[in-house]
Amino acid sequence: MKKIIITFLLSAGLLASCTDLEVTPTSFVTEDNYFVTQDDATASVTAVYASLSLDPGEQSLFGRNLYFLTDMGSDYAAAGVSATNPQVRAMSSLTHDATNDRVQVAWRQIYNGINRANVSIDNIPKVSGSEVIKTRLINEAKFIRALLYFQAVRLWGGVPIVLHEATSINLGDLKTNRSTADEVYNQIIKDLTDAEALPKTYTAADAGRATSGAAKAILAKVYLTRKDWPNAIAKSREVINGGYGYALFEDFQDIFTKTKKNGKEHIFSVQFEPNQAGNGSSGSTFQATSFTGFTATEPADIVSDVALFYDIYAPGDKRRDVSYAKQLLNPATGTLYTFPKPIFKKYLDLSNLATPSNVAINFPVIRYADILLSLAEAINEQSGPTAESYELINQVRRRAFGKAITTPDASVDLVGLNQTSFRAAIQEERKKEFVQEGQRWYDLVRWGTLVTEVKKVTAKNSVSERNNLYPIPQSERNINPDGLPQNPGY
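Below you will find a few notes about this structure. (Residues numbered from 1 in each chain as written. Predicted model: local features only at pLDDT ≥ 70, side-chain atom pairs only at ≥ 80, totals over all residues. Heavy atoms only, no water.)

**What to know about the overall build of the protein chain**
And step 1. Helix and strand content of the protein chain: 19 helices and 6 strands.
And step 2. Since a compact globule built from 490 residues should have a radius of gyration of about 23 Å, the 22 Å found for the protein chain is in line with a globular shape.
And step 3. Here the C-alpha coordinates of the protein chain stretch approximately 70 × 45 × 45 Å along the principal axes.
And step 4. Within the protein chain, the proportion of its 490 residues that are buried is 57%.
And step 5. On the protein chain, roughly 19,000 Å² of surface is accessible, and the fraction owed to carbon and sulfur atoms is 53%.
And step 6. Side-chain charges in the protein chain split into 51 positive and 53 negative, and the spacing between the mean points of these groups amounts to 4 Å. (Helix = DSSP H or I, 4+ residues; strand = E, 2+ residues; numbered from the N terminus. Rg over C-alpha atoms; globule rule 2.2 N^0.38 Å. Buried < 20%, exposed > 50% of the residue type's maximum accessible area, 1.4 Å probe, protein only. Areas by Shrake-Rupley, 256 points an atom, 1.4 Å probe, with all protein chains shown as cover. Lys, Arg positive; Asp, Glu negative; His and termini not counted. Charge placed at Lys NZ, Arg CZ, Asp CG, Glu CD.)

Written as structure tokens, this is what we have:
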């Protein structure tokens, strides 16, 4: 999709600022004179998508900033020596507090995207054009709003629910109190249920937009997170059996190959292009922070413990060398370079290692392998392992070892497990499958194993039960201390 940023006058429903600067405007754009045509409506929703991938002057939400909370805040990812920001290092050691700027930026970026969605949802009904297209655009905005609230409720627990654009600059009117987690989840489910009416597919020009399959897939993860096993099972099966054409790539590397974007395994991805908006830091910065060049310099984002995460892959498991690189070929010299410690590799543009800021690898928010493993997990939690759940996990394992995906293979297939050992097998597969995909912290919290697993990493042994949620940013509590009570431990 084209990346277009549209700035609305009231762009933050929860944040307020003051200035003494007086300016006489020479032109003025309001919702009344902006939302006129169908093109205006389309552009506004494009801006909603852009909130996921663009934040000029800051690392974007899915371009790296969410990574600090969902990956570096877990066991396997850590801050390398090139990460000199003390706020980042605090995230890595899990010693962050409510003033940490990475937590504050994530909150701001999430609510900025929610507000953009609200502006579109509120104003698209009044534009001229096809009612079918207008409804589709509104449901796309609802999908993004639900996706962002799904991040927020897992990160912070109950958060303020804001469903309409701000219509006042009065600070009192802008204050919104925390809702309960159940209330947030109910709103997420409502938005995603509406989004299930989205098209199954789009033309190539609109590749990357939310589909009905994406709405069902995120719904499946919502139900899995809430331990609603029957609904998680039903919704996952709708994704698998819904005629969407989803399937695993035969080669694990293809998931992160820029020429195979939005392929059969990609249910919904955040779209990235090189140097978006003319500012590399506003798009994806994963390559620049994972790879500092063919030197011994440790990058900003590193694996916390090689023995615990790199060395755990069985011989022949192709996921290791897609997720991490111990060696890379230097295209300038033709030399095979060996790094002192394995670096993260999924988001490296192997065709353009010379320009680290030029990153065009999409971020997979949810892909087909996630649905297969989610369904296997839900079935096991409801009734123990079944033939169906074995086939689901074994398809993921067969692909990992380069086997025919749908053909039973005794060399890699799991058999003979009870409910407890099957649960452990699912957890192990997810750890190996989703490196640097924003899944690990959510998984550990969902399983109730965050403290146990993170304590295995010496540099992160300050972890405690408080780390099952992040602190409400102090900057937000300063505005509304009574309505935004702090999470325990902060």
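More follows now that the structure is in view.
**With respect to the packing of aromatic side chains**
And step 1. For the coordinates displayed, the defined rule picks out 29 aromatic pairs.
And step 2. Ring centres of tyrosine 244 and tyrosine 246 lie 5.3 Å apart, and the angle between their planes is 15°; this geometry places the pair in the stacked category. The residues tyrosine 244 and tyrosine 246 share a single accessibility class, namely buried.
And step 3. Between phenylalanine 256 and tyrosine 347, the aromatic rings sit 5.8 Å apart at their centres with planes inclined by 80°, giving edge-to-face as the arrangement. Linking phenylalanine 256 in the loop between α10 (229–241) and β2 (266–270) with tyrosine 347 in the loop between β5 (336–344) and β6 (363–367), this pair joins segments that are 91 residues apart in sequence.
And step 4. Pairwise contacts between aromatic rings join Phe62, Tyr67, Phe68, Phe252, Phe256, Phe286, Tyr347 and Phe363 into one cluster.
And step 5. The aromatic ring of tyrosine 442 is capped on one face by arginine 154, whose charged end is 3.6 Å from the ring centroid. (Phe/Tyr/Trp six-rings, centres within 6.5 Å; stacked < 30°, edge-to-face > 60°. Lys NZ or Arg CZ within 6 Å of the ring centre and 35° of its normal.)

**Some words on the packing of helix α3 (residues 61–70) against helix α5 (residues 101–123)**
And step 1. Between α3 and α5, whose axes approach to 9 Å, the crossing angle comes to 130°. One element, α3, and the other, α5, form an angle in the oblique class. In the crossing of α3 with α5, the sense of the turn from one axis to the other is left-handed. From α3, Leu61, Asn65, Phe68 and Leu69 reach across to α5, where they touch Arg102, Val105, Ala106, Gln109 and Ile110. (Axes fitted to C-alpha atoms, helices over the stretch in contact; angles between N-to-C directions. Parallel < 35°, antiparallel > 145°, perpendicular 65-115°, else oblique. Left-handed = near helix turned anticlockwise from the far one by under 90°. Contact = heavy atoms within 4.5 Å.)

**With respect to the side chain of arginine 102**
And step 1. Within the secondary structure layout, arginine 102 lies in helix α5.
And step 2. Here the side chain of arginine 102 touches aspartate 101 through a polar contact of 3.2 Å, side chain to side chain.
And step 3. In this structure arginine 102 touches Glu58, Gln59, Asn65, Phe68, Leu69, Val88 and Met91, once residues within four positions along its chain are discounted. (Polar contact = N/O pair within 3.5 Å; in protein donor to acceptor, adjacent residues only side chain to side chain.)

**Overview of the environment of alanine 146**
And step 1. Topologically, alanine 146 is positioned in helix α6 (residues 131–156).
And step 2. The exposure class of alanine 146 is buried, given its relative accessible area of 0%.
And step 3. C-alpha separation for the pair alanine 146 and proline 86, spaced 60 residues apart in sequence, amounts to 32 Å.
And step 4. Not counting residues up to four positions away in its chain, the partners in contact with alanine 146 are Ile188, Asp191 and Leu192.

**Focus on the packing of helix α9 (residues 212–225) against α10**
And step 1. Following both chains from N to C, one finds α9 and α10 inclined at 160°, their axes separated by 8 Å at the closest point. In terms of orientation, α9 lies roughly antiparallel with respect to α10. Note that α9 runs across α10; the crossing there is left-handed. Here Gly213, Lys216, Ala217, Leu219, Ala220, Tyr223 and Leu224 of α9 come into contact with α10, specifically with Trp229, Asn231, Ala232, Lys235, Ser236, Glu238 and Val239.
And step 2. The class makeup of the residues in the contact of α9 with α10 is 8 nonpolar, 3 polar and 3 charged. (Nonpolar A, V, L, I, M, F, W, Y, C, P; charged D, E, K, R; others polar.)

**Overview of the pattern of salt bridges**
And step 1. Applying the stated criterion to the full structure yields 43 salt bridges.
And step 2. Note that aspartate 194 and lysine 142 form a salt bridge whose closest N and O atoms lie 2.8 Å from each other. Here aspartate 194 is found in helix α8 (residues 181–195), whereas its partner lysine 142 is found in helix α6, with 52 residues between them in sequence.
And step 3. Assessed through its relative accessible area of 15%, lysine 142 is described here as buried.
And step 4. If you follow the salt bridges from partner to partner, you end up with Glu265, Asp317, Arg319, Lys346, Arg367, Arg397, Arg399, Glu429, Glu433 and Glu437 in one network. (Salt bridge = Lys/Arg side-chain N within 4 Å of Asp/Glu carboxyl O.)

By themselves, these are just geometric observations and shouldn't be taken as functional.
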